[in-house]
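What follows is the residue order along each chain.
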Amino acid sequence: MKVVLWGTRGSVAAPGAETARYGGNTACVEVRGADGTVLVLDAGTGIRRLGLTLARSQCRVDLLLTHLHMDHIQGLGFFSPLHDAGREVHIWGPASTTANLRARLMRYLSPPLFPVHLRDLACHLTLHEVPCGDVEIGEFRVSSALVCHPGPTVAYRLATRHGTVAYMPDHEPALGVAHFPSSADWTSGYAIAAGVDLLIHDAQYSRDEYRRSVGWGHSSIEHMLAFAELAQVKHLVPFHHDPAHDDAELDRLLAEATAIPHSFAVTPGTEGAVFEVG
Amino acid sequence: MPRPPQVAALVLDHKRPPRVTGERVSMSQKEIEVILIRQLATHLAMPMFITDAAGNLIFYNEPAETLLGCRFDETGEMSANQWATAWVPTDASNAPLAPDSLPLSIAFREQRPAHGRFWIRGMDNVRRHIEVVAFPLIGQGDRHVGAVAVSWEAPPT
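As the structure is a computational prediction, the values presented were derived from the model and not from experiment.

**Notes on the sheet that holds strand 3 (residues 114-121) of chain B**
Residue and element names in this part refer to chain B.
- Sheet architecture is open: 5 strands sit in the order 2-1-5-4-3, paired in antiparallel fashion. The open sheet has two edge strands with one neighbour each: strand 2 (57-60) and strand 3. In this sheet, neighbouring strand axes are inclined to one another by 25° on average, regardless of whether the strands run parallel or antiparallel.
- Relative to strand 2, strand 1 (residues 48-52) runs antiparallel, the two sharing 3 bridges. Across the sheet, the residue bridging to T51 is L57, located in strand 2.
- Across the sheet, helix 1 (residues 32-41) is in contact with strand 1, strand 2, strand 4 (127-139) and strand 5 (143-153); its angle to strand 1 comes to roughly 165°.
- Helix-sheet contacts for helix 5 (residues 103-110) involve strand 1, strand 3, strand 4 and strand 5, and the interaxial angle to strand 4 is about 15°.

**Describing the environment of V31 of chain A**
Residue and element names in this part refer to chain A.
- Following the sequence through the fold, V31 ends up in strand 2 (residues 28-32).
- C-alpha separation for the pair V31 and L41, spaced 10 residues apart in sequence, amounts to 7.7 Å.
- What V31 contacts, discounting residues up to four positions off in sequence, is M1, V3, L39, L41, L158 and V165.

**Structural notes on the sheet that holds strand 2 of chain A**
All names here are of chain A.
- Strand order in the open sheet made by the 7 strands is 6-5-4-3-2-1-14, with mixed pairing throughout. Strands at the two margins of the open sheet, each flanked by one partner only, are strand 6 (124-130) and strand 14 (274-276). In this sheet, adjacent strand axes meet at a mean angle of 20° when their direction is disregarded.

**Section: the packing of helix 5 (residues 221-231) of chain A against helix 6 (residues 247-257) of chain A**
Residues and elements named next belong to chain A.
- Interaxial distance between helix 5 and helix 6 falls to 10 Å at its minimum, and their mutual angle equals 45°. Taken together, the axes of helix 5 and helix 6 lie oblique to each other. The hand of the helix 5/helix 6 crossing is right-handed. When helix 5 is examined against helix 6, the residues I221, E222 and L225 are found in contact with a partner set consisting of L253, L254 and A257.
- The residue makeup of the contact of helix 5 with helix 6, split by class, is 5 nonpolar, no polar and 1 charged.

**A short note on the nonpolar core**
Residues and elements named next belong to chain A.
- Of all hydrophobic cores here, the largest spans 110 residues; its most connected members are V29, V40, A193 and L199.
- Residue contributions to this core peak at 7 residues, all from helix 5.
- Among residues more than four places away in sequence, those in contact with L199 are A166, A193, A228, A231, V233, L236 and V237.

**What to know about unusual backbone geometry**
- Here P111 of chain A and P112 of chain A are connected by a cis peptide whose omega angle stands at 5°.
- As for its position among the elements, P112 of chain A is in the loop between helix 2 (101-108) and strand 6.
- Its identity is not glycine, yet V88 of chain B carries a phi of approximately 45°, on the positive side.
- Inspection of the secondary structure assignment puts V88 of chain B in the loop between helix 4 (80-86) and helix 5.
- Positive phi, normally seen in glycine, also occurs at Q111 of chain B, with a value near 55°.
- The residue Q111 of chain B is located in the loop between helix 5 and strand 3 in this model.

**So, helix 6 of chain A**
Residues and elements named next belong to chain A.
- What helix 6 keeps buried is the set D247, L250, L253, L254 and A257. In an axial view of helix 6, the angular spread of the buried residues amounts to 130°, which keeps them on one side of the axis.
- On its buried side, helix 6 packs onto helix 5 and strand 12 (235-239).

**Comments concerning the pairing of strand 11 (residues 198-202) of chain A**
Residue and element names in this part refer to chain A.
- With 5 of 5 residues buried, strand 11 lies mostly within the body of the structure.
- Two strands pair when backbone bridges link them, and strand 11 and strand 12 are joined in this way by 4 bridges, in the parallel orientation. Bridging across to strand 12, H201 finds its partner in P238.

So, how was this worked out
Residues numbered from 1 in each chain as written. Chains lettered and ligands numbered in written order. Predicted model: local features only at pLDDT ≥ 70, side-chain atom pairs only at ≥ 80, totals over all residues. Pairing = 2+ DSSP bridges. Helix = DSSP H or I, 4+ residues; strand = E, 2+ residues; numbered from the N terminus. Axes fitted to C-alpha atoms, helices over the stretch in contact; angles between N-to-C directions. Contact = placed C-beta atoms within 7 Å. Parallel < 35°, antiparallel > 145°, perpendicular 65-115°, else oblique. Left-handed = near helix turned anticlockwise from the far one by under 90°. Nonpolar A, V, L, I, M, F, W, Y, C, P; charged D, E, K, R; others polar. Core = buried A, V, L, I, M, F, W, Y, C linked by C-beta atoms within 7 Å. Buried ≥ 20, exposed ≤ 12 C-beta atoms within 10 Å, placed from the backbone. Arc of directions from axis to C-beta.

Here it is as structure tokens:
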């Protein structure tokens, strides 16, 4: 499968010359199977450009939302397949304890935040609530599980015969853990990430920033590395970069953190990066 | 079209071959609600007990260790049948209590809150009068993921 990062930034878009290499668009990842199945992970501002590249022959698109914080849905209204009557779009995402997925999406896709109502989108739209057990989408087996982040938030594991990818852009597995990591079965997100070929994971904070941001739902770069080690992943992609971190700062933070020996490859998540898995 | 990957500025350890252990990675993991409540329990000064959906006692915190006279590391996880009798719960007249009548049993079995006062004998052989409040843990999508009991030493009557 082919994985393309269309948006790697967390919290809010951060365009500018100083962030051009890691990218300024918020979270969006394309995963394309060998059979042509297209999965889109999150609908941050990066999804707009992705939508423009999808061939008209791509009749079905599955959009998998981890949660409904703004940086993960802001691009939704600008995803061209939603406005195409010839497309079948499936949106997967979490309900809350008091509102279903449709009601939650309508809060954004309605005035005054957006001029077009969800019900007025031209595509043939189907909503699915997660987590809902394993589902088959084309050649992918998609697993989802709630993870530690404020509000209902899931992580996804995508598996084909050829490889596995885990996507957890917003994740604070170290919350409340005195000595992270603890045992695997008591670690948020472990079952989703265990042994995957490629893990795309929250890397929002430096160690000092995390101390000031405990409970905000994100990882320090050190926690991300420890989680990847625990899960025995093969390749790690730091993702969801803090908007205050420019390219030079991210180079420094990642080089510093990864200087400590670890047993997997690390490739910084940069906008436009392409990974072949399997 | 996607730009090619731009990772040249940072040469980390892409060249290092991934570790191949031949081991099958275990994917067993507790429910997130259970993980979060255990994290809370480790920060509380009140004795707290947590079961999974099957009623297995999967954690109790340090204040609970004081009450039970033993450390969780010593007992480990216990089945419902084990923990409901391990600390010999009795009423005021020293008559044994049925395991199903204990508040935590009711909370996980009937998925409703329960309260009770009774006596236990800790593994340090000290008999203690305790008061227990238990409630079920219902997660997203109405999933029954376990139950929690909070207890105190009961004030003298």
